[in-house]
Amino acid sequence: MVGAGVLSLPYAMAHMGRGLGITVMILSWVITLYTLWQMVEMREMVPGGKRLDRYHDLGQEAFGEKLGLWIVLPQQLLVEVGTCIVYMVTGGKSIKKVHETFCPECMPIKTSYWIMVFASINFVLAQLPNFNSISAISPGVAVMSLTYSFIAWGASIKKGITPDVSYNVKMKSTSDGVLNFFSALGDVAFAYAGHNVVLEIQATMPSTAEKPSKVLMWKGCIWAYIGVAICYFPVAFVGYYMFGNMVDDNILITLEHPAWLIVIANLFVVIHVVGGYQVFAMPVFDMIETYLVTRLNFSPSSTLRVITRTLFVGIIMLIGISILFFGSLLGFLGGFAFAPTLYFLPFIIWLKLKKPRKYGLSWTINWICIVIGVLIMTLSPIGALRNIIVSAKNYKFFS
């Protein structure tokens with residue numbers, strides 16, 4: 001559940017301000033936990049033992065075979081591919097930060113090359129066949145995310161409050177402030193990104209009528225969200241309190257001392273996003289290979305797997321090298337891709353399948369969440385895209 005998006009939360013707070021920032025953070029935590037519960041519940045809700053093991057299965061059950069597929073699948077692909085792009089950029093930048101901190105007198109190396117180094121690791125790991133094969137990575141990745149989150153806010157406290165710190169909303173004008181606020185909403189949405197593979201993960205669990213998988217899965221989700229709170233809130237609030245509106249879009253880039261601790265934190269980020277990349281890439285591999293075998297009559301083989309997965313990682317690497325706007329990229333993807341699958345699509349499916357009493361508590365809460373989700377999906381890409389356009393004026397591709 002905890003991904004690289006946690007590192008941008010102080011930056012999002014700088015654009016939202018203290019009051020709105022705290023409100024958005026807590027409200028997002030509550031809404032997405034509720035979303036998670038609904039998805040876990042709906043996996044085995046169909047009579048007759050049918051299990052909805054993919055997000056698009058859920059959409060097809062609610063909207064029909066064709067319409068459900070076209071509603072859910074493009075959104076899910078955007079989320080998974082978008083996360084892979086962000087993780088590619090994050091991994092490369094973190095390796096670069098390690099190099100520059102460990103050896104400040106060394107010749108600077110372009111971020112593009114570090115992204116290629118990160119990609120080379122994923123060229124190998126992408127050949128693991130399925131979710132079960134990467135289960136051994138999960139505990140290590142979880143420890144990494146907890147550790148670098150603790151380091152991010154712990155090192156911020158150690159550094160102390162920045163001289164002449166300002167907590168005024170970071171903006172050049174009123175319109176600039178409003179658009180940056182919209183983009184910051186997308187940053188927060190991106191941070192809560194794990195829902196898009198929750199059914200695929202739940203599908204790996206044994207399930208019987210006496211012990212349905214939703215019981216164990218929900219326990220796991222509760223623990224995961226406790227971990228999310230432990231990581232997200234201190235990083236967001238402490239990082240913002242210490243740096244104010246001078247914080248970078250990645251708090252570990254802002255921090256410089258103690259050097260050895262910053263090196264360790266960035267190495268942990270690299271390890272984490274290596275594992276996270278596999279989690280979000282695996283459903284994409286599954287979709288691509290299933291399509292090639294069932295629709296284009298390719299023979300399932302290790303050769304097919306090597307070619308398709310190598311091409312995917314290579315394309316993601318090239319996109320990551322081309323687009324290095326970490327903060328704005330998070331905001332755009334968070335709003336355009338993540339908000340639908342996190343903030344309102346599960347609520348619509350719940351209303352469609354469960355049919356709660358009109359104007360009852362469940363009906364009302366779901367519709368409030370749908371309105372919030374639509375607003376985030378509409379507004380945050382506008383602000384983020386504007387920031388990308390402004391940044392791109394002086395940007396040299398592949399630099």
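See the structure printed just above.
Residues numbered from 1 in each chain as written. Predicted model: local features only at pLDDT ≥ 70, side-chain atom pairs only at ≥ 80, totals over all residues. Heavy atoms only, no water.

A. Representation of the overall build of the protein in the model. Broken down by element type, the protein carries 14 helices and zero strands. Mapped in sequence order, the helices and strands of the protein form the string α-α-α-α-α-α-α-α-α-α-α-α-α-α. Once local pairs closer than 6 in sequence are excluded, the contacts in the protein between residues at least 24 apart make up 83%. As presented, the protein carries roughly 17,800 Å² of accessible surface, and 70% of it is formed by carbon and sulfur atoms. (Helix = DSSP H or I, 4+ residues; strand = E, 2+ residues; numbered from the N terminus. Contact = heavy atoms within 4.5 Å. Areas by Shrake-Rupley, 256 points an atom, 1.4 Å probe, with all protein chains shown as cover.)

B. Region of the structure containing the nonpolar core. Counting 103 residues, the largest nonpolar core has Met25, Met88, Tyr192, Tyr232, Tyr277 and Phe312 as its most contacted members. Element by element, the count of residues in this core is highest for helix α11 (residues 259-294), at 15 residues. If near-sequence neighbours (up to four positions away) are discounted, Phe312 is found in contact with Val81, Cys84, Tyr277, Ala281, Val284, Phe285 and Ile288. (Core = buried A, V, L, I, M, F, W, Y, C linked by side-chain atoms within 4.5 Å. Buried < 20%, exposed > 50% of the residue type's maximum accessible area, 1.4 Å probe, protein only.)

C. How the structure looks around the layout of surface pockets. Here the second largest pocket defines a volume of roughly 490 Å³. Looking at the lining of the second largest pocket, the elements that each hand over two or more residues are α4 (65-102) and α11. Along the lines of polarity and charge, the residues of the lining of the second largest pocket split into eight nonpolar, three polar and three charged. (1 Å grid on protein atoms, 1.4 Å probe; cavity = no way out; pocket = protein on both sides within 12 Å on 5 of 7 lines; lining within 4 Å. Points joined across faces, edges and corners; volume = space filled by probe spheres on them. Nonpolar A, V, L, I, M, F, W, Y, C, P; charged D, E, K, R; others polar.)

D. Representation of the environment of Phe233 in the model. Within the secondary structure, Phe233 sits in helix α9 (residues 213-243). Each C-alpha atom of the pair Phe233 and Trp29 lies 9.8 Å from the other, and the pair is 204 residues apart in sequence. Those residues in contact with Phe233 that sit more than four places away from it in its chain are Met25, Ile26, Trp29, Tyr192, Val228 and Val238.

E. Inspection of the packing of aromatic side chains at higher detail. Here the structure, examined in full by the defined rule, presents eleven aromatic pairs. On the basis of an interplanar angle of 10° and a centroid distance of 6.1 Å, the ring pair of Tyr34 and Trp37 is categorised as stacked. In this pair, Tyr34 and Trp37 both sit in helix α2 (residues 18-42), three residues apart, roughly one turn of the helix. For the pair Phe150 and Trp153, a centre-to-centre distance of 5.5 Å together with 50° between the ring planes defines the contact as tilted. One end of the pair is Phe150 and the other is Trp153, both in helix α6 (residues 137-159) and three residues apart, which spans about a single turn. Phe150 gets classed as partly exposed once you look at its relative accessible area, which sits at 39%. Ring pairing ties together the aromatic residues Tyr34, Trp37, Phe347 and Trp350, which thus form one cluster. (Phe/Tyr/Trp six-rings, centres within 6.5 Å; stacked < 30°, edge-to-face > 60°.)

F. Seen up close, the side chain of Gln127. Counting through the fold element by element, Gln127 comes out in the loop between α5 (111-125) and α6. Residues within four places of Gln127 in sequence aside, it is in contact with Arg305, Val306, Arg309 and Thr310.

G. Region of interest: the packing of α11 against helix α12 (residues 302-322). Running from amino to carboxyl end, α11 crosses α12 at an angle of 130°, the nearest separation of the two axes being 10 Å. With respect to α12, the element α11 is oriented oblique. Note on packing geometry: the crossing formed by α11 with α12 is right-handed. Counting all contacts with α11, which are made through Tyr277, Ala281, Met282, Val284, Phe285, Ile288, Glu289, Leu292 and Val293, the residues of α12 involved are Leu304, Arg305, Thr308, Arg309, Phe312, Val313 and Ile316. Classifying every residue of the contact of α11 with α12 gives twelve nonpolar, one polar and three charged. (Axes fitted to C-alpha atoms, helices over the stretch in contact; angles between N-to-C directions. Parallel < 35°, antiparallel > 145°, perpendicular 65-115°, else oblique. Left-handed = near helix turned anticlockwise from the far one by under 90°.)

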